[in-house]
Amino acid sequence: MSKFFINRPIVAIVISILMVIVGAVTIATLPVAQFPNIVPPEIQLQATYPGADAKTLEQAVATPIEQQINGVDNMDYMYSLNATANSQTTMVVDFDVKTDPNTDLILAQSREQLATGQLPPEVNTLGVTIRKSVTAPLMLISLSAPHGTHDAKFLANYAYINLNDPIARLYGVGQTQVFGAGKYAMRLWVKPDQLAKLGITVTEIVNAIQAQNKVNPAGQLGGEPAPANQQFTYSVLAQGRLTSPEQFQDVIIRETPDGGIVRVKDVARVELGADDYSIVSRLNGRPAAIVPVYQLPGSNAVQTAAGVRKLMDEMKQRFPQDMEYSISLDQTSAVTEGMKEIIQTLLIAIVLVLLVVYVFLQDWRATLIPMLAVPVSLVGTFARW
């Protein structure tokens, strides 16, 4: 066989070229996982009960949902976490590793719907979020202001508005959150002494704001049915939702028969703050907003991390002044660094083989033949028939 190729070098060259082409084409289709999935699919449920403590959350929210989800098909186990700080219940349901995460999501959602009638109205109003995701974050993205121009509230809201949704749409991303000062919210800091003096309760303040902070349909002018000579129809725009602290301060809480008026500013201090102060994020001692990225079960972690990095490089071009991002945690660093080390080791090995062959043969022309055979054999091993 060796004599055949020695006498016909063109045939050997053509076969070598075909091996290189086939191997190079099939590199992109090679599987990236050597072993099957060993991490069970997880379905995560989140519900918020404003003002409730951990015990109330357990009794009023977690227990009814657990009773309905218990026994769902192919479920291994489940657990719930109830936090007093943000009045939130987080429940994680783990299924068998052989199940489809999409099917698990549908089964968990159908069981959760059975518990809707047993949940408090406030929980149903805010809704129960159900998604498939893992509990440990794949990456942590930190937004910070090196010169201190932006505070934590600005950084967190910038992440909510500009980063949260684009990252969530990427391949392999199960969910994203924002750890920091929280979203912007209109905060009312009531004065207990004034409330007691005027006989006003917090419920009255809440009801007054809900009644006056809403969209009021005002109708149309010139709409049908209209006279024959009516040519135009005008929509009447009334004042919509309140947008500034001054507008909230002027909300009327109570009116007396003698013309007296009690406004919000008489019993509370209004400011534009954050909706949650239970989490504080810092980067190297400076205020920051942390965006954890959770992987979608069954996706390629390396490809997901690469997509997030590419997106952040693009989003960085639109950052306001004195804002930068950094990757505080990347679970794929060990894999990517290992791949780089393999490539470096391969290149070093090729160079060493070249030197050894040349030292023994003492001829560059004779050295060229085995050196061409090395990449041909390496690339050819990637071919799959």
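Residues numbered from 1 in each chain as written. Predicted model: local features only at pLDDT ≥ 70, side-chain atom pairs only at ≥ 80, totals over all residues. Heavy atoms only, no water.

It is worth spelling out the overall build of the protein at this point. Counting its regular elements, the protein contains 13 helices and 15 strands. For 385 residues, the compact-globule formula gives about 21 Å, and the C-alpha radius of gyration of the protein, at 32 Å, lies well above that figure. Relative to its 385 residues, the protein shows a buried fraction of 31%. Within the protein, contacts between residues at least 6 apart in sequence are counted, and of these 74% link residues at least 24 apart. Summed over all atoms, the accessible surface of the protein reaches about 23,900 Å², with 59% contributed by carbon and sulfur. In the protein, which carries 28 positive and 33 negative side-chain charges, the distance between the mean positions of the two groups comes to 7 Å. (Helix = DSSP H or I, 4+ residues; strand = E, 2+ residues; numbered from the N terminus. Rg over C-alpha atoms; globule rule 2.2 N^0.38 Å. Buried < 20%, exposed > 50% of the residue type's maximum accessible area, 1.4 Å probe, protein only. Contact = heavy atoms within 4.5 Å. Areas by Shrake-Rupley, 256 points an atom, 1.4 Å probe, with all protein chains shown as cover. Lys, Arg positive; Asp, Glu negative; His and termini not counted. Charge placed at Lys NZ, Arg CZ, Asp CG, Glu CD.)

What characterises a pair of aromatic rings is the spacing of the ring centres plus the angle enclosed by the ring planes. This model, assessed by the stated rule, comprises five aromatic pairs. Ring geometry for Phe154 and Tyr158: centres 6.5 Å apart, planes at 25 degrees, overall stacked. Highlighted residues: Phe154 and Tyr158, both in helix 6 (residues 152-168), separated by four residues, approximately one helical turn. We classify Phe154 as partly exposed; its relative accessible area is 29%. A relative accessible area of 12% means that Tyr158 is categorised as buried. Between the aromatic rings of Phe232 and Tyr234, the centroid separation amounts to 6.3 Å while the plane-to-plane angle is 40 degrees, which identifies the pairing as tilted. Here Phe232 matches Tyr234 in class, with each residue exposed. Aromatic ring contacts, followed pair by pair, group Phe154, Tyr158, Phe319 and Tyr325 into a single cluster. (Phe/Tyr/Trp six-rings, centres within 6.5 Å; stacked < 30°, edge-to-face > 60°.)

As a further point, take the pattern of salt bridges. What the rule picks out here adds up to five salt bridges. Residues Lys265 and Asp250 are paired through a salt bridge, measuring 3.6 Å at the closest nitrogen-oxygen approach. Of this pair, Lys265 sits in helix 10 (residues 264-267) while Asp250 sits in the loop between helix 9 (245-249) and strand 10 (252-255), placing them 15 residues apart in sequence. Its relative accessible area of 37% is what places Asp250 among the partly exposed residues. Close ionic contact of Glu337 with Lys340 constitutes a salt bridge, the shortest N to O distance being 3.7 Å. (Salt bridge = Lys/Arg side-chain N within 4 Å of Asp/Glu carboxyl O.)

Next up on the list: helix 8 (residues 202-212). Listing the buried residues of helix 8 in full gives Ile205, Ala208 and Ile209. Taken around the axis of helix 8, the buried residues stretch over an arc of 95 degrees, which confines them to a single face. Across helix 8 from its buried face, at more than 90 degrees, point the exposed residues Thr203 and Gln210. Buried positions along helix 8 lie against strand 7 (184-190), helix 7 (192-198), helix 9, strand 10 and helix 10. (Arc of directions from axis to C-beta.)

Core analysis: the largest hydrophobic core is formed by 23 residues, its most contacted members being Ile141, Leu143, Leu163, Ile167, Met312 and Phe319. Going through the elements one at a time, strand 5 (139-144), helix 6, strand 14 (286-295) and helix 11 (301-316) are the ones with two or more residues in this core. Residue contributions to this core peak at six residues, all from helix 6. Apart from residues no more than four positions distant in its own chain, Ile167 is found in contact with Ile141, Val173, Thr176, Val291, Val293, Leu311 and Met312. Leu45, Met75, Leu105 and Ala115 belong to the second-largest nonpolar core, a separate cluster that totals 21 residues. (Core = buried A, V, L, I, M, F, W, Y, C linked by side-chain atoms within 4.5 Å.)

Its identity is not glycine, yet Asn74 carries a phi of approximately 65 degrees, on the positive side. For Asn74, a relative accessible area of 48% puts it in the partly exposed group. With a phi close to 55 degrees, Gln362 is a non-glycine residue in the positive phi region.

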